[in-house]
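The lines below spell out each chain.
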Amino acid sequence: MTIHFSVRQAVLGAAITSLIMGGFIVACRFGVRESMSPADLTFYRYLSGLFFLPLFFTRPVRDLGGLGWGPGVLITVLAGWVFNMLLMTGFEYAPAAHGAVFGPGTMPMFTAIFAWLILGEKLTRWRISGLGILIVGLAMLGGGGVLESTPNTWRGDLLFLLAAMFWGAFTVSIRYFEIDPLYAVAVVAVLSMVTFSPLYFLYFDPAMFHAPLGDNLFQLFYQGCLVGGVAVVLFTISIPILGPARTALFMAMVPVFGTLLGVPILGEAPGMVESAGIILV
């Protein structure tokens, strides 16, 4: 099953993804700060695998529909529960603004670098200049986090950066392996659900047994439906149309949405140095 988008539809889809991901940053920070663990949020996100089971089984499982288990496992690690645990754990140390900037905000940088190294896409002067400014902004945000937030903020920042690097590699992998984007989403969701669910119930304390019902239902809807379903599908389908680097650029809007939403909802207003870094990024 392949969905064909026009360029205009791909742009709109990528823009909607950035808006959903801005809210996702705040929802994750709220979750780990109040009643959820990174494992809870990861489990809810990849329950979306249930929705993708029919699509997953439209192709032979023995070779993942011709994709092969090697590439299939690779994209699952890059965009599946390992990636999500890195991102979610970062919110235990750093505020929403840092998660938005060091996470989705740096995805265009890593995607551009991987596209240059793997796909041979040129790094123009403008792109190199932009990456340089991005790095300066990240340094200011990270330094401001230590001075103006909490001493352990840097731990979260590093986890966010690692997660962004994973997602950048996933974005380029879609083009490199010439994978049907929608089927790739199904593979990642189903394999993540199947491999992470046993670990979740064996080694973690599921929030569904102790957290408020409202918190559980909200995270299930936002993580599983909006993020694990709508956002990932729209983003992945846009990659072959707009290209990995251009599609990833829409993630640069996530820090704006995440930071603005984090102030009234979480009460996390960035300091002066942090704000300057966010503006640069």
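Residues numbered from 1 in each chain as written. Predicted model: local features only at pLDDT ≥ 70, side-chain atom pairs only at ≥ 80, totals over all residues. Heavy atoms only, no water.

Moving on: the side chain of Thr-171. Secondary-structure assignment places Thr-171 in helix 9 (residues 153–176). For Thr-171, the residues in contact, after removing those within four places along its chain, are Thr-111, Phe-235, Ile-239 and Pro-244. (Helix = DSSP H or I, 4+ residues; strand = E, 2+ residues; numbered from the N terminus. Contact = heavy atoms within 4.5 Å.)

Here we take up the packing of aromatic side chains. Taken as a whole and judged by the stated rule, the model has 14 aromatic pairs. The interplanar angle of 10° and the centroid separation of 4.4 Å between the aromatic rings of Phe-43 and Tyr-200 together place this pair among those described as stacked. Taken together, the residues Phe-43 in helix 2 (residues 38–46) and Tyr-200 in helix 10 (residues 181–203) connect sequence positions 157 residues apart. The pair Phe-43 / Tyr-200 is uniform in exposure class, with both members buried. Ring geometry for Trp-81 versus Phe-196: centroids 5.2 Å apart, planes at 40°, classification tilted. Within this pair, whereas Trp-81 is found in helix 5 (residues 81–90), its partner Phe-196 is found in helix 10, the two being separated by 115 residues in sequence. (Phe/Tyr/Trp six-rings, centres within 6.5 Å; stacked < 30°, edge-to-face > 60°. Buried < 20%, exposed > 50% of the residue type's maximum accessible area, 1.4 Å probe, protein only.)

Membership of the largest hydrophobic core comes to 78 residues, with the highest contact counts inside it found for Phe-24, Ile-75, Phe-83, Leu-87, Phe-91 and Phe-170. Residues within four places of Leu-87 in sequence aside, it is in contact with Phe-24, Phe-160 and Ala-163. (Core = buried A, V, L, I, M, F, W, Y, C linked by side-chain atoms within 4.5 Å.)

As a further point, take the environment of Gly-65. Mapped onto the elements, Gly-65 comes out in the loop between helix 3 (49–56) and helix 4 (69–79). Judged by its relative accessible area of 28%, Gly-65 is partly exposed. Excluding residues that lie within four positions of it along the chain, Gly-65 makes contacts with Arg-59, Pro-60 and Tyr-183.

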